[in-house]
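# Observations on chain architecture
Each chain, written out:
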Amino acid sequence: MKKYVIRRLIQLIPILLGITFLTFTLLYLSPGDPAQKKLSAQGVAVTSEMLERTREEMGLNEPFLKQYFSWLGNAMRGDLGISYKDGTLVSTKLTNGLVNTAVLAFAALICAIAISMPLGVYTAVRKNKAADYIIRFFCFAGNAIPNFLLAILLMYFLCIKMRIFPVIAQRSVKGLFLPVAALTIPLISRFIRQIRVVVLQELEKEYVTCARSRGMKGRYILFHHVLHNCMVSIISVFGLAVGTLMGGSVIIETIFMWPGIGKAVMDAITARDYPVIQGFVIISAVIYVGINLLIDLSYHQFNAKIKG
């Protein structure tokens, strides 16, 4: 296992380097002068002398590769630069936002797993029954409604009309409810359908028929064999959703004014705050590859045939 982990970590290095190079290149080729944007964001009257001095300080007069390796070296030491907008450290700004996004994402994921796991298994066991059709109908509706529309509907009815929850999300259980619900409902719909498919495929295998023919109870087969064999696929579904939640809660955070990393990067895009955008891409890439590694490692716990 140790050798497998080391080998996978080595394989991730070129992927992360490729992502950093592509991100830096795209922002390097984007229109506009970063030095001018930095001075304008600080409310300074831009002159040609000041602009040239700022470009020199930022290293923008250096060749492209020298700029990239200088930025990469600083990033590897945890220095992602300084925000053009307010002059704060990008690492500090994104770390604070990441903590808030993690709270939102993991609360949504835990709720989604707790609801979708039993319902997904139940719909598979009760295939083509009335309960199966009803649950699948609500799953279709949950998948069809976009996140932003669902968030607006929840806000309109529960905040404005009924006045149960605050419009702006606060750092409390009550303040978390609406943004978590807006993220959880589509997740539940997707998870139930995916779990149902996986369990149905496993129930149709020959070993299940043989176990039933020997008189084993269906519940015992389901909980001791079927679900155990399904866990590799189910873990993949849950694990990839973590990365999606961490990077994809931008709209929900913006609507509910939740101070997460998604809202921070949306503000950075609006202000063309390139260091923050670069830092967000790097952090998102690390999260994705880290989660993929954890998913691969978890496979060994449920399927001994999977080797490193």
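This text follows the structure it describes.
To keep things clear, this report deals only with the structure shown in the data block.

### Observations concerning the environment of F280
With respect to the element layout, F280 can be found in helix α13 (residues 274-302). Among the residues examined, F280 registers a relative accessible area of 14% and is labelled buried. As a C-alpha pair, F280 and K38 span 242 residues in sequence and 18 Å in three-dimensional space.

### A closer look at the pattern of salt bridges
Pairs may arise between side chains of opposite charge once their charged atoms sit close together. One pass over the structure, following the stated rule, counts six salt bridges. E62 is the salt-bridge partner of K66, the closest N and O atoms lying 3.4 Å from each other. Relative accessible area serves as the criterion here: at 31%, E62 is assigned to the partly exposed category. In this structure, the salt-bridge partner of D132 is R136, at a minimum N-O distance of 3.3 Å. Note that D132 and R136 are positioned in helix α6 (residues 130-144) at a spacing of four residues, about one turn of the helix. For D132, a relative accessible area of 0% corresponds to the buried category. Judged by relative accessible area, R136 falls into the partly exposed class, the value being 34%. If you follow the salt bridges from partner to partner, you end up with D132, R136 and R196 in one network.

### Thoughts on unusual backbone geometry
One non-glycine residue with positive phi stands out, namely R163, at about 55 degrees. Along the polypeptide, R163 turns up in the loop between α7 (147-161) and α8 (173-203). Positive phi, close to 55 degrees, is recorded for M257, a residue that is not glycine. Within the secondary structure, M257 sits in the loop between α11 (250-255) and α12 (261-271). Overall, the relative accessible area of 41% leaves M257 in the partly exposed class.

### Remarks on the packing of aromatic side chains
In the structure shown here, the tally under the stated rule is twelve aromatic pairs. On the basis of an interplanar angle of 75 degrees and a centroid distance of 5.9 Å, the ring pair of F21 and F64 is categorised as edge-to-face. One end of the pair, F21, is in helix α1 (residues 2-29); the other, F64, is in helix α4 (residues 64-76), with 43 residues separating them in the sequence. A relative accessible area of 36% means that F21 is categorised as partly exposed. Taking the centre distance of 5.1 Å and the plane angle of 80 degrees together, the rings of Y156 and F157 count as edge-to-face. Assessed through its relative accessible area of 45%, F157 is described here as partly exposed. The rings of F21, F24, Y28, F64, Y68, F69 and W71 are connected pair by pair, giving a single aromatic cluster.

About the cut-offs
- Numbering of residues starts from 1 in every chain and runs along the sequence as written.
- Residues qualify for local features only when their pLDDT is at least 70, as the model is predicted, and side-chain atom pairs are given and counted only at 80 or more; totals for whole chains, interfaces and linings, by contrast, use all residues.
- Side-chain metrics rest on all non-hydrogen atoms present in the structure, leaving aside hydrogens and water.
- Helix and strand labels come from DSSP, where a helix needs a run of H or I of at least four residues and a strand needs a run of E of at least two; each type is numbered from the N terminus.
- Classification of residues uses two cut-offs on accessible area relative to the type maximum, computed with a 1.4 Å probe and protein chains only: under 20% is buried, over 50% is exposed, and between them is partly exposed.
- Salt bridges are counted wherever a side-chain nitrogen of Lys or Arg sits within 4 Å of a carboxyl oxygen of Asp or Glu.
- A pair of Phe, Tyr and Trp rings is counted when the ring centres sit within 6.5 Å of each other, with Trp represented by its six-membered ring. The angle between the planes then sorts it: under 30 degrees is stacked, over 60 is edge-to-face, the rest tilted.

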